[in-house]
Amino acid sequence: AGFFIAARFRHEAAAAWLALCSLFFYGYWDVHYVPLLLLSVTVNYHIGKQISDHIEKQLARRAKMWLVIGLVFDLGLLAHYKYTNFFLDNWAALTDSHISFPDIILPLGISFFTFTQIAYLADCHKGIVKERNPAHYLLFITYFPHLIAGPILHHKQMMPQFAHAKTYRISQENIAVGLTIFAIGMFKKMAIADPLAEFVTPVFAVSKHPGLLSTKEAWLGALAYCLQLYFDFSGYSDMAIGLSRLFGIKLPLNFNSPYKSTSIIDFWRRWHMTLSQFLRDYLYITLGGNRKGKTRRHINLLLTMLLGGLWHGAGWTFIIWGGLHGIYLTINHVFREFFPPLSNNKTVAARIRAVTGWSLTTLGVIFAFVVFRAASVHDALVVVQAMTGTLIATADETVIPILEHADDGWNYVLLAGLVALLAPNTQEIMNKFSPTSDTVDSHTRWQWRPHPALAVIGGLALALSIVNIGQVSEFLYFQF
């Protein structure tokens, strides 16, 4: 309301108001980290300005110097808050020494607003963007729908939209579309993701197991986590897209039915899409991409995924998860060199290949996510061994059920799996109203349109989610 009221007087005032509201939103979690966010924004704004000025003056070396300074600042800040304890703990374990250092609390969203600003500085260096208005830059970084867990934005994707006069006028279509997308995302989180947590947490609490983990329960926990993570994070992304649409701003798509992928290459084009694009554009291509031969391409791919894993968290499980996906992608690329995709995807051979590819991709993703979810490498190995039936019991160990309602868990997993595999996604359902800045082909008959019945369904979904809001867990990607 404040945004649209302020816009009646001046568009600049509306943008500044939204930036201040975003800072309040961030500070509501812990006001002590607002100065850190403002420091990061201020430093990057001035560095970006220096880069743009030197690019305009064709002083490439000075522009590159400022880019390096910005990268050192951003990565140093991220390393301090996210990785200091990890490196100190590993150094202490390696040298058998004790290092006294207070635990550092990870500031909310630091990975996302840091990567957003790194992309901005790189784009300034390429001469793609420049921002002279500090209030606009503050809004770009702190814009509350994406601030906490993405999508990772580019300046050229979002800020030009704030230059349009129609953005500052209330639109019935934007409100209807935005609230509907928000309701779908919140329902994903509350009604699908959160009930699955009951069957995930006990399975991965390996150190607390009273007995040996059974194969059936290990598979239930692994499958439940894969679906919980997807509906939790895609639900958040939908909520961010819906909230942003209320202001007339379209965010990029972050998920596109990744569990329908028939290859691991396809999976990474559909899963956490803005991160995949960031890693490709600013890391993989910077390392040389595929320009220096096949061997170097595979090495660059593996390094990119290892660093992508480390971005998710300070732990060996995340590094191994990234490494596994790097290996998967390398194998996939090598396979395609010898067996290129078939030109006609309606033949029997193409369908067999698609089913086989989907099966192998899904299995690979499941086992990698077990490592991703586990508290330690040891715990991950225990769950994997249980899943493969190779967990050997000692003399005093027996298989003791740890899940009280395992049958309900399988029903939940089956239902959530069918939704992920067969149902159209939010983008496809809302396709006629261009819900995001990206476009996808939609062939589903389940197309949303303004209609009283659909309004009631959306309202009920939203009301049900709000009623249960005190009983749910936090969003999973907040910790990354």
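Before reading further, recall that the structure is shown in the block above.
What you see is a predicted model, and the numbers here were worked out from it, not measured in a lab. (Residues numbered from 1 in each chain as written. Predicted model: local features only at pLDDT ≥ 70, side-chain atom pairs only at ≥ 80, totals over all residues. Heavy atoms only, no water.)

(A) The arrangement of the packing of helix α9 (residues 172-197) against helix α11 (residues 215-246) in detail. Running from N to C, α9 and α11 point in directions that differ by 160°, and their axes come no closer than 7 Å. With respect to α11, the axis of α9 lies roughly antiparallel. In terms of crossing hand, the pair formed by α9 and α11 is left-handed. Here the residues of the contact of α9 with α11 are counted per class, giving 18 nonpolar, seven polar and seven charged. (Axes fitted to C-alpha atoms, helices over the stretch in contact; angles between N-to-C directions. Helix = DSSP H or I, 4+ residues; strand = E, 2+ residues; numbered from the N terminus. Parallel < 35°, antiparallel > 145°, perpendicular 65-115°, else oblique. Left-handed = near helix turned anticlockwise from the far one by under 90°. Nonpolar A, V, L, I, M, F, W, Y, C, P; charged D, E, K, R; others polar.)

(B) Summary view of the packing of helix α2 (residues 11-27) against helix α6 (residues 134-142). Between α2 and α6, whose axes approach to 9 Å, the crossing angle comes to 40°. Between α2 and α6, the angle falls in the class oblique. Like other packed secondary-structure pairs, α2 and α6 cross with a definite hand, here left-handed. Within the contact between the two elements, α2 uses Glu12, Ala15, Leu18, Ala19, Ser22 and Leu23 and α6 uses Ala135, His136, Leu138, Leu139 and Thr142. (Contact = heavy atoms within 4.5 Å.)

(C) A look at the pattern of salt bridges. Counting across every chain of the model gives twelve salt bridges. Aspartate 53 is paired through a salt bridge with lysine 49; the nearest N and O atoms lie 3.8 Å apart. Highlighted residues: aspartate 53 and lysine 49, both in helix α3 (residues 34-56), separated by four residues, approximately one helical turn. A relative accessible area of 31% means that lysine 49 is categorised as partly exposed. In this structure, a network of salt bridges that share partners links the residues Lys49, Asp53, Glu56, Lys130 and Arg132. (Salt bridge = Lys/Arg side-chain N within 4 Å of Asp/Glu carboxyl O. Buried < 20%, exposed > 50% of the residue type's maximum accessible area, 1.4 Å probe, protein only.)

(D) Layout of the side chain of serine 40. You can see serine 40 is positioned in helix α3. Under the relative-accessibility criterion, serine 40 is labelled buried at 1%. If we ignore the near neighbours within four places in the chain, the residues touching serine 40 are Phe73, Asp74, Leu77, Phe113 and Gln117.

(E) Region of the structure containing the packing of aromatic side chains. For the structure on display, the rule yields 44 aromatic pairs. Summarising the aromatic geometry, the rings of tyrosine 143 and phenylalanine 162 are spaced 6.0 Å apart at their centres and angled 90° between planes, so their arrangement reads as edge-to-face. You can see tyrosine 143 sitting in the loop between α6 and α7 (144-147) and its partner phenylalanine 162 sitting in the loop between α8 (155-158) and α9, a full 19 residues away along the chain. Here the guanidinium or amino end of lysine 82 rests over the ring plane of tryptophan 311, the centre of that ring lying 5.2 Å away. A cation sits over an aromatic face here: lysine 189 above phenylalanine 475, 4.9 Å from the ring centre. (Phe/Tyr/Trp six-rings, centres within 6.5 Å; stacked < 30°, edge-to-face > 60°. Lys NZ or Arg CZ within 6 Å of the ring centre and 35° of its normal.)

(F) Layout of the side chain of histidine 325. Structurally, the position occupied by histidine 325 is in helix α15 (residues 316-338). Once residues within four sequence positions are removed from consideration, histidine 325 is found in contact with Ile264, Phe267, Trp268, Met305, Val365 and Ala368.

(G) Highlighting unusual backbone geometry. For the bond running from glycine 150 to proline 151, omega is 5°, close enough to zero to count as cis. Examined against the element boundaries, proline 151 turns out to sit in the loop between α7 and α8. Phi is positive for glutamine 58, close to 60°, though the residue is something other than glycine. We classify glutamine 58 as exposed; its relative accessible area is 73%. Phi is positive for histidine 272, close to 40°, though the residue is something other than glycine. Looking at the element boundaries, histidine 272 is found in the loop between α12 (264-270) and α13 (273-284).

Purely geometric numbers; function is a separate question.
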